[in-house]
Amino acid sequence: MSGSGTTASDDPLQTAVWRLRSRGCWTDAAALLAPHAASAALTLQRASLLVERCLFTGVGWADAEDALRTAEAAARDDDERGAAACERGQLAYASTVLGVRDRADEARAALGRAAALLAPDAVGRPLLDFRRGLVAEHLADSAQAARAAYHRAHTGALAQGDTLLLSFTWRHLAALALRDGELAEARHGFTESLRIREELGYLVGTAPALAALADTEPEPEASRLRTEATRLFRLLGGVPTWLADQLAPPAPAA
């Protein structure tokens, strides 16, 4: 799921959903969409919120499954069916990468189905490319395939003006650059990701962006960034949960 929900042309419902989502209140945001079950698009958006909650918190799997099955049943055309398949793939990916249950084959199959349904210029294509990059990087351990998918997603997000998705593509391309020892490139990508998230008010994604940038900075800037990331992490009640290990202080020397 992407889209900021922050532009002046957005309706009040989408603005309210974005404000809750950006603060990690996915259940509350989904509840705002529940009365709109007649809309296939809003039903899918509700499922997307609950899938995202699973990835950030590691809980809520049954709610996400129920919402996703409803969205799949409500889909009326290839774009909607493709978008639902993309969410199905993301849920399976989250379950696998968080160690809840190995659903790697399901993730690949669902994203493959989405690729067959979504036209090359479909609105959901950049997000699909990004998620295929996640699977390539974290489930298949193929940095080359991941980088190609992230670049496609980045280009598509630029073309569609999807700034939130750009914050993700910048971040993941930077992580691959850091893995290759390209420190300046990594710092630039992490800086862009953080800038976008701060401008959008995407609070739940700001702590990970700060922590990632800290890995490319010398002291004392690195410690300052990690301190700010820790403050935000605690403010949001320990979300995203997977950031805890990265923010843990180093063990004292023996």
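In this text the structure is predicted, and so the values were computed from the model without any measurement.

### Digging into the confidence of the model for the protein
Do not read the predicted coordinates in detail wherever pLDDT is low. When the pLDDT values of the protein are averaged, the result is 94; 94% of them are 70 or greater. Counted against residues more than four places away or in other chains, residues 1–8, with its pLDDT under 50, gives 25 contacts.

### Describing the environment of histidine 138
On the secondary structure map, histidine 138 appears in helix H7 (residues 125–139). Among the residues examined, histidine 138 registers a relative accessible area of 38% and is labelled partly exposed. The contacts of histidine 138, once residues within four sequence positions are left out, are Tyr93, Val97 and His172.

### Topic: helix H4 (residues 61–74)
Taking 1.5 Å per residue as the helical rise, H4 with its 14 residues ought to reach 20 Å, and the 20 Å between its terminal C-alpha atoms agrees with that figure. Those residues of H4 that are buried lie in contact with helix H3 (40–57) and helix H5 (78–97).

### With respect to the packing of helix H1 (residues 12–21) against H3
Interhelical geometry of H1 versus H3 gives an angle of 10° and a closest axis separation of 12 Å. Accordingly, the angle class assigned to the pair H1 and H3 is roughly parallel. Here Leu13, Gln14, Val17 and Arg21 of H1 lie close against H3, whose contacting residues are Leu42, Gln45, Leu49 and Glu52. Taken together, the residues of the contact of H1 with H3 sort by class into four nonpolar, two polar and two charged.

About the cut-offs
Residues numbered from 1 in each chain as written. Predicted model: local features only at pLDDT ≥ 70, side-chain atom pairs only at ≥ 80, totals over all residues. Heavy atoms only, no water. pLDDT = per-residue confidence, 0-100. Contact = heavy atoms within 4.5 Å. Helix = DSSP H or I, 4+ residues; strand = E, 2+ residues; numbered from the N terminus. Buried < 20%, exposed > 50% of the residue type's maximum accessible area, 1.4 Å probe, protein only. Expected span 1.5 Å × (residues − 1). Axes fitted to C-alpha atoms, helices over the stretch in contact; angles between N-to-C directions. Parallel < 35°, antiparallel > 145°, perpendicular 65-115°, else oblique. Nonpolar A, V, L, I, M, F, W, Y, C, P; charged D, E, K, R; others polar.

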